[in-house]
Amino acid sequence: PRSSVYDIGKLLIHKSLVERIVEYKRQKLRAFSVDILESVLVQEKARLTKLIKDMNFLKKNLVKGVDLTTHTQVRYYHSASGYKQMMWNSLKAQKEHFGYSELGWSQIVGSKFMKRWMEEMIKRHIHDRVIINPRKETLDHLTRPGEGEFRKKYQETRILDEKQLYISGDTTIYNNTFAVAWWRHGEVVGAEIENLELVKTQKAIFELLWKQAEPIKQ
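Remember, predicted model here, so these are calculated numbers, not experimental data. (Residues numbered from 1 in each chain as written. Predicted model: local features only at pLDDT ≥ 70, side-chain atom pairs only at ≥ 80, totals over all residues. Heavy atoms only, no water.)

Visitor: When you look at the pattern of salt bridges in this model, what are you seeing that I'm missing?
Guide: Opposite charge on two side chains makes pairing possible when the charged atoms of those side chains draw close. Going through the model one piece at a time under the given rule, you end up with 14 salt bridges. Across the pair arginine 184 and glutamate 102 runs a salt bridge whose closest N-O atoms are separated by 3.5 Å. Separated by 82 residues along the polypeptide, arginine 184 in strand β8 (residues 177–184) and glutamate 102 in the loop between β4 (96–101) and α4 (106–109) bring together distant segments of the chain. Here glutamate 207 and arginine 129 are joined by a salt bridge, their closest N and O atoms 2.7 Å apart. Taken together, the positions of glutamate 207 in helix α8 (residues 196–212) and arginine 129 in strand β5 (residues 127–132) put the pair 78 residues apart, joining distant regions of the chain. Take arginine 129: its relative accessible area is 12%, and that puts it in the buried class. Because the salt bridges share partners, they merge into one network encompassing Glu96, Arg129, Lys203 and Glu207. (Salt bridge = Lys/Arg side-chain N within 4 Å of Asp/Glu carboxyl O. Helix = DSSP H or I, 4+ residues; strand = E, 2+ residues; numbered from the N terminus. Buried < 20%, exposed > 50% of the residue type's maximum accessible area, 1.4 Å probe, protein only.)

Visitor: Would you explain the environment of arginine 124 in this entry?
Guide: Within the secondary structure, arginine 124 sits in the loop between α5 (111–123) and β5. In this structure arginine 124 comes out as partly exposed when scored by relative accessible area, which is 39%. Once the C-alpha coordinates of arginine 124 and glutamate 96 are considered, the two residues, 28 residues apart in sequence, prove to be 9.9 Å apart.

Next comes the structure, spelled out in structure tokens:
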């Protein structure tokens, strides 16, 4: 087909394999000598040599010039399944994670998942420090059946009046991750911000509040 000839002809011209000969009311394509291929290969070799040189330059200079400690990633989550993923991600914590919460996680993720998550926390020896407001509905979550071992051995809870710190949803800080989640009326949303400098600031704030908070009594 003529259209195919035109397309292929343009491609061959671009590759410097044929030349265009324009005559009155028509044009022809004529193949260059096969020797021209050697010239094309030489040009391609030179191009690849330059690319390799540029890549080596990037390896030596660009990576060194990037401060990876300030690299930030933000991940968003929706629904109960999204919050399950956030909870499971927190199992990457080294030794402990800490934050603020109104508790009630099992009402979102279900008792089976909650049990599995607590078992992993115990298995990995991850401790949790959490500050709560002394609301009745929040305190009731501390005595839920089946959560006793985790609450007593792996979670340390302190209370702070909501006039000093109003707590809604859940905030968890671990490694270089700052995670926040909120749920109401069937809506569950969350986000993880991975940034070491942000975590340093949030950890300093938490430690100040932790000193002010009172250990919860049995």
